[in-house]
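Chain residues, written in single-letter form:
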Amino acid sequence: MRKLENFFDWYGQYVARKPFFFIVNDIWDIYAPTNGLSRVEEAGIRRFEYASGSHHHRMQILVSKKNRGNILTNEALDEVSQAHKFVADNITAWDGQNQIAYKNLCGIYCNDSNAAVLAFLQATLNDTSRSSFKLTFPNAEALQKKIFIGYSIGDLKIEKGYVTEAKMVILHYMVDTSLPNGRQLAADFETKVRNFFASITDISHHIKYSVLSRTRELEEQRAITITSLPFLGLTIIVLTAFMLLTLVRFPLYTSQHWQSIVGVLSPGMALWTTTGLLWGLGYPFSNILTVVPFLVVTIGIDDAFLILAGWRQSTKGESLEVRLGQSVAISGASVTVTSVTDVACFATGLFSNMPVVQLFCLYTTVALAIDFIYQMTFFTALVGVFVRKQVDIEKELIKTETKIEKTKDDESSSSSSLASLLTFVPTISQEAHTRNILEVFIDFLHTWTAKFIVLVAFFAHIMICLALVSHVNTNFDMENLYLEDSPLTDISRRMQNFVLGEAFVVNFGVFPMPDFDNAEIREKFEEMVKKLETMPGYGAGKENTNLWTREYSNAVAFWGETEDFWHKEDMVSNYREYGMDEKYITMKNDTNGDEIIDGFFFTITYQNFSNFLEVESFLEDRRAILKNYSSYFTIKSHHPFEKVPTESAASAPFNFISTSVSAVVLMSLLVLVFVMNFEAIISVVISIVSICLGIVVYLHLWNVNLDAVSLISMLMSIGFSVDYSAHVCYHYFAHVHEDEQLWRSHNYAETRDRLLSTFRGVAWPVMQSGLSTILGMFPLMFVRAYVVAVFWKTVILVGILGMLHALVLLPVIFILTHDVKLLFRRKRTVNPSPHSMELAS
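As recorded in an unreviewed UniProt entry, the chain goes by SSD domain-containing protein and comes from Caenorhabditis latens. Quoted verbatim from the Sequence similarities (unreviewed entry) field of UniProt, the annotation for the chain is "Belongs to the patched family." Taken from UniProt, the Subcellular location (unreviewed entry) comment for the chain reads in full: "Membrane".

As structure tokens, this is what we get:
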């Protein structure tokens, strides 16, 4: 026991040290493809700390006027300067032992002073002649020295090359997390900075300060979960009420209201077990998992409907053991088929190259598998407990009947109940009877009018989908990850517009150091840079490039070029002698102990992007340029927005196609295993493909893009679409009447009886499942977040399309297939083969 106690003592301490590991994870990682080149490029830039900031915690303060006017006024800049001065001089961070001033926290970024940028902006306002200070973008000029301000001002108005207005100033605060207790320092400093700027925003009459940081992004993501989960209680209430309403029967002792009340216990237990298990194994919780509880509850209730339907179809008057065995025999196969297909469908997402898809599918797959176990054990046992009274009442009623009636009932039961149970075929009577609504509907489906209407509607649906599928938008906006009324939504939108439109600063990391002592190598490098900085539509030439080799070349030209200037042993001393900024280079000692440059980075600022689809095209062209010079240089280029959302959006179509094809193939194999009928496979594949096409196109018309979030909903739609179709196909093909003579003698055709049997067995449970699933997502409509809206929109579409395909399209396909078989059978009868004629004679 001591070992067990020691284990949990260690575990508790581990959770205390890293609590967020069990709660959230980084959106910039889980939404990026695992095989994306941006991951490799990001790793290549990481060695240059100033470019990557991998060991620094960044906070950006977006400063603007409350009326969104021009902030380049002396009054506004004075107020911003005072606010920054207070932060730099007065706000400290606690590391657990000491208060540390900001000048000791900012690491390698301490030389990049917000105060210097603000002073420069104020100086440009006073230097109207632009003789000493020139406010150009992204590189300005102060006393003939270039200053990069691409990260500092935005929402610009530029006239004749000079910035005349700016509606946004950006302050940057960095905390070096490599310091002792660096994470604690960063968290404490950010808390104080956020409180300070929030307070002065309330006080100021003109200026608004908005804080953007990775910590705040994670907080706003958690807000979606915190907002959504309370609605799970409303979902449970709605679904319980729906089950009560649809399971009430007369006389009341046959109602299944108690079973409906406990119908959500099994999925609830499955969720609890899954969360504890996966958290314990270290799989974090992301806002994308917010809808998992809603999915598991609605799918679990679908299984409950089938189990309860099985009880209703069991033989009345038998013992509890016999009837429960019959009900499980009736429903168990259907529940198993749909559970296996659901689990298998979501399991295909585990092989996706999107971590967010893998995480979602992991939680959903485990939860559905556990729910299946609980449904077939715990819930089935509860059904047995609740129906005891019903069984006793029915036995008493049978005893009070007359002996003649009892004998007739026994004979009818012995001749048909077993067949009904094992074959799902209703008792067939040769006597004429009044047709009910179900029979009228099935007869209508057999008419050529119905066939024509259904086929025309189906092909119209397919043609519309094929025509619009190429227009589906794969753009991905960062603001979609937050609540619509979150303050971070506007901040993220403004930052995204600023970066795309004005300051898309790409870092280029060069490692190892090229042999610049070779003039040909220098020429090739300059040729490559010119191509990069003049990329059509987005590049603006050398004015937007920060490259130390050009400054170095200018110095070499000024002093008179000699070979010594480019020797690797002399470059470091020359570099320092010219007073150049060492943040752009990394150094090491060679075998002789001499300090040499072993790598460097440079930046190019691109502009005029309107969305991330354009960034995707630009990224491919930029990589092509670098690839053409790969024999000369090893260069990695990267911008944070290229990992997410650019490559995330770019990989969405491929992920959707590959995952969908895998799921369809897997579902076909599973249908073949369970049904052993190729007609069933064809029918299910047609249904799945049709529904998936419809989901993609109709979501596009409903303002949902094909991105990393909707990719998950597409995968979910495959699982749901299989459920509806699998129920109908399984009952239609697996439960065939064994007495062919009885089929022929009956006054209904074979397809009519089989459809009647199928509809009586599963039509109402399928409708209950579809309606309950839609109702289960209804409370999520009150959560104003794109991440959540994608799912409830998908569920509504899947529910509608799934029921229409299962209860209308598939029966018509079955009927038409049977008509074709009859046609060929008649031809063989009319034109018998010579061999058959010889046998007959």
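Further notes follow.
A. Spatial organisation of the sheet that holds strand 5 (residues 139–142). Strand order in this open sheet of three strands is 4-5-6, and the pairing throughout is antiparallel. Two strands close off the open sheet at either side, each with one partner strand: strand 4 (133–134) and strand 6 (145–148). Sheet topology places strand 4 next to strand 5; two bridges connect them, and they run antiparallel. From the neighbouring strand, Lys134 faces strand 5, where its bridge partner is Glu141.

B. Structural detail: helix 15 (residues 388–400). Across its 13 residues, helix 15 extends 19 Å between first and last C-alpha, which sits within 8% of the 18 Å expected from 1.5 Å per residue. Along helix 15, the positions that sit buried rather than exposed are Gln390, Val391 and Glu394. Angular distribution of buried residues about the axis of helix 15 spans 100°; they occupy a single face of the element. In helix 15, the exposed residues that point more than 90 degrees away from the buried face are Lys389, Lys399 and Thr400. The inward-facing, buried residues of helix 15 abut helix 12 (292–313) and helix 13 (320–348).

C. Up close: the sheet that holds strand 8 (residues 162–176). Taken together, the four strands give an open sheet; going across it, the order is 7-8-1-9, and neighbouring strands pair in antiparallel fashion. Edge positions in the open sheet fall to strand 7 (153–159) and strand 9 (207–213), since each of these has one partner strand only. Strand-to-strand, the axes of this sheet are offset by a mean angle of 25°, without reference to chain direction. Those strands touched by helix 5 (residues 74–90) are strand 1 (56–65), strand 8 and strand 9, and its axis lies near 45° from that of strand 9.

D. Examining unusual backbone geometry more closely. Each neighbour pair has its own omega, and for Phe137 with Pro138 the value is 5°, a cis peptide bond. Structurally, Pro138 is set in the loop between strand 4 and strand 5. Residue Pro512 is bonded to the preceding Phe511 through a cis peptide linkage, with omega at 5°. Position of Pro512 relative to the elements: it lies in the loop between strand 10 (504–510) and helix 20 (519–533). The backbone of Arg130 shows a phi angle near 55°, a positive value even though the residue is not glycine. A residue is classified by how much of its surface remains accessible, and Arg130, at 34% relative accessible area, is partly exposed.

E. Quick look at the environment of Leu308. Mapped onto the elements of the fold, Leu308 is located in helix 12. Along the chain, Leu308 and Gln259 lie 49 residues apart, while their C-alpha atoms are 8.1 Å from each other.

F. Structural detail: the packing of aromatic side chains. If you walk through the whole model with that rule in mind, you get 41 aromatic pairs. Between the aromatic rings of Tyr50 and Tyr109, the centroid separation amounts to 5.0 Å while the plane-to-plane angle is 25°, which identifies the pairing as stacked. With a gap of 59 residues between them, Tyr50 in helix 4 (residues 49–52) and Tyr109 in the loop between strand 3 (99–101) and helix 6 (114–126) connect regions that are remote in the sequence. Judged by relative accessible area, which is 8%, Tyr109 ranks as buried. Measuring from centroid to centroid gives 6.3 Å for Tyr173 and Phe197, while their planes differ by 45°, and the two rings are tilted. With a gap of 24 residues between them, Tyr173 in strand 8 and Phe197 in helix 7 (residues 182–203) connect regions that are remote in the sequence.

Reading guide: rules and limits
- Position labels on residues start from 1 in each chain and follow its written sequence.
- Given that this is a predicted model, residues contribute local features only at a pLDDT of at least 70 and side-chain atom pairs are listed and counted only at 80 or more, while totals for whole chains, interfaces and linings are drawn from all residues.
- Computation of side-chain values: all heavy atoms of the structure, hydrogens and water removed.
- UniProt positions are given in the numbering used here, feature names are shortened, and annotations may be inferred rather than shown by experiment.
- A pair of strands is treated as paired once DSSP finds two or more bridges between them.
- Each helix is a run of H or I in the DSSP string that is no shorter than four residues. Each strand is a run of E no shorter than two, and both are numbered from the N terminus.
- Take the number of residues in a helix, subtract one, and multiply by 1.5 Å to get its expected span.
- Each residue gets one of three labels from its accessible area relative to the maximum for its type: buried under 20%, exposed over 50%, partly exposed in between, using a 1.4 Å probe on protein chains only.
- This arc is taken over the directions from the axis of the helix to the C-beta atoms.
- Contact definition: two residues touch when any of their heavy atoms are within 4.5 Å.
- Axis angles are defined between N-to-C directions and span 0 to 180 degrees, where every axis is a line fitted to C-alpha atoms and, for a helix, only to the segment in contact.
- Two rings from Phe, Tyr or Trp (for Trp, the six-membered ring) form a pair when their centres are within 6.5 Å of each other. A pair whose planes differ by under 30 degrees is stacked, one over 60 is edge-to-face, and the rest are tilted.

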